[in-house]
Amino acid sequence: MAIVTPDLCDDYPEILVVEPGFQNFGGVAAFGGEIVTVKCFEDNSVLKAQVATPGNGRVMVVDGGGSRRAALLGDMLAEQAASNGWVGLIINGCIRDVDVVREIRLGVQALATHPRKTEKRGVGDLNVPVSFGGVTFLPGQYVYADNNGIVVSRTPLAVD
């Protein structure tokens, strides 16, 4: 799948564009698919449970509240996500183990890196609307990401 977000913006002027600030950390630079949402803050329990389920080519959009005090994703969870068919994760927060994550066949965009893992308190929500970067992400919508940015559509877009 060839995803080029500037071309998508040209072809589909109605799509939503997430404000800049995300960095590409994954082994797949461009990715897209149906959205599954996770809302959590400094606790990746729900994210951890989700990467253990079949991804079926979907993208997990994780609202970590923009926290830069702990990493919501590391190499082990990224590897599990890729093995279970998730195509990517977009994290409004931090990740760690970036040198290993770059080698995993998974799209990963996040705000920054942080070496500390989160606590596991079992707190978080699955498939609820999440808002960050000037966009509200809804489960069942579609997200596309590359080195140029992140765009969101209500329906799947034709990508080459």
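Above this text sits the structure in question.
Structural notes, computed from the coordinates. (Residues numbered from 1 in each chain as written. Predicted model: local features only at pLDDT ≥ 70, side-chain atom pairs only at ≥ 80, totals over all residues. Heavy atoms only, no water.)

A separate point is the overall build of the protein. Counting secondary structure elements, the protein contains four helices and 12 strands. Computed over the C-alpha atoms, the radius of gyration of the protein is 14 Å, within 12% of the 15 Å expected from 2.2 N^0.38 for a compact globule of 160 residues. Put simply, the protein has 160 residues, and 49% of those count as buried. Pairs at least 24 residues apart make up 74% of the contacts formed inside the protein by residues separated by at least 6 positions. Accessible surface for the protein amounts to roughly 7,500 Å². Of this, 49% is attributable to carbon and sulfur atoms. Charged side chains in the protein number 13 positive and 18 negative. The centres of these two groups are separated by 11 Å. (Helix = DSSP H or I, 4+ residues; strand = E, 2+ residues; numbered from the N terminus. Rg over C-alpha atoms; globule rule 2.2 N^0.38 Å. Buried < 20%, exposed > 50% of the residue type's maximum accessible area, 1.4 Å probe, protein only. Contact = heavy atoms within 4.5 Å. Areas by Shrake-Rupley, 256 points an atom, 1.4 Å probe, with all protein chains shown as cover. Lys, Arg positive; Asp, Glu negative; His and termini not counted. Charge placed at Lys NZ, Arg CZ, Asp CG, Glu CD.)

The next point concerns the packing of aromatic side chains. Scanning all chains against the criterion turns up two aromatic pairs. Counting every residue linked through ring pairs, the aromatic cluster contains Phe-22, Phe-132 and Phe-137. (Phe/Tyr/Trp six-rings, centres within 6.5 Å; stacked < 30°, edge-to-face > 60°.)

Glancing now at unusual backbone geometry. Most of the time, phi is negative for any residue but glycine, and the peptide bond is trans. Backbone geometry places Asp-97, a non-glycine residue, at a positive phi of 55°. Here Asp-97 shows up in the loop between strand 6 (88-95) and helix 4 (98-101). Among the residues examined, Asp-97 registers a relative accessible area of 31% and is labelled partly exposed. In this structure, Asn-127 is a non-glycine residue whose phi angle is positive, near 55°. Mapped onto the elements of the fold, Asn-127 is located in the loop between strand 8 (125-126) and strand 9 (130-132).

One number sums up the size of the largest pocket: a volume of about 230 Å³. Every residue lining the largest pocket is counted, 13 residues in all, and those nearest its centre are Met-76, Leu-77, Arg-96, Lys-117 and Lys-120. Secondary-structure elements contributing two or more residues to the lining of the largest pocket are strand 5 (71-73) and helix 3 (75-83). The volume enclosed by the second largest pocket comes to roughly 170 Å³. Broken down by secondary-structure element, the contributors of at least two residues to the lining of the second largest pocket are helix 1 (5-11), strand 2 (23-24) and strand 12 (149-153). Across the lining of the second largest pocket, the residue classes break down as eight nonpolar, eight polar and two charged. (1 Å grid on protein atoms, 1.4 Å probe; cavity = no way out; pocket = protein on both sides within 12 Å on 5 of 7 lines; lining within 4 Å. Points joined across faces, edges and corners; volume = space filled by probe spheres on them. Nonpolar A, V, L, I, M, F, W, Y, C, P; charged D, E, K, R; others polar.)

Taken as a whole, this structure holds two salt bridges when the rule is applied. The shortest N-O distance in the salt bridge between Arg-69 and Glu-42 comes to 2.6 Å. One end of the pair, Arg-69, is in the loop between strand 4 (59-63) and strand 5; the other, Glu-42, is in the loop between strand 3 (31-39) and helix 2 (45-51), with 27 residues separating them in the sequence. We classify Arg-69 as exposed; its relative accessible area is 53%. A relative accessible area of 18% places Glu-42 in the buried class. The partner of Asp-97 in a salt bridge is Arg-96, with the nearest N and O atoms 3.7 Å apart. Look at Arg-96 and you get partly exposed, because its relative accessible area is 24%. (Salt bridge = Lys/Arg side-chain N within 4 Å of Asp/Glu carboxyl O.)

On to the nonpolar core, then. Counting residues in each nonpolar core, the largest one holds 24 residues, and the members touching the most others are Leu-47, Val-62, Leu-73, Leu-89 and Ile-95. Of all elements in the fold, only strand 3, helix 2, strand 4, strand 5, helix 3, strand 6, helix 4 and strand 7 (107-113) reach the threshold of two or more residues within this core. Counting residues in each nonpolar core, the second largest holds 17 residues, with Val-18, Ile-35, Ala-145 and Ile-150 among its members. (Core = buried A, V, L, I, M, F, W, Y, C linked by side-chain atoms within 4.5 Å.)

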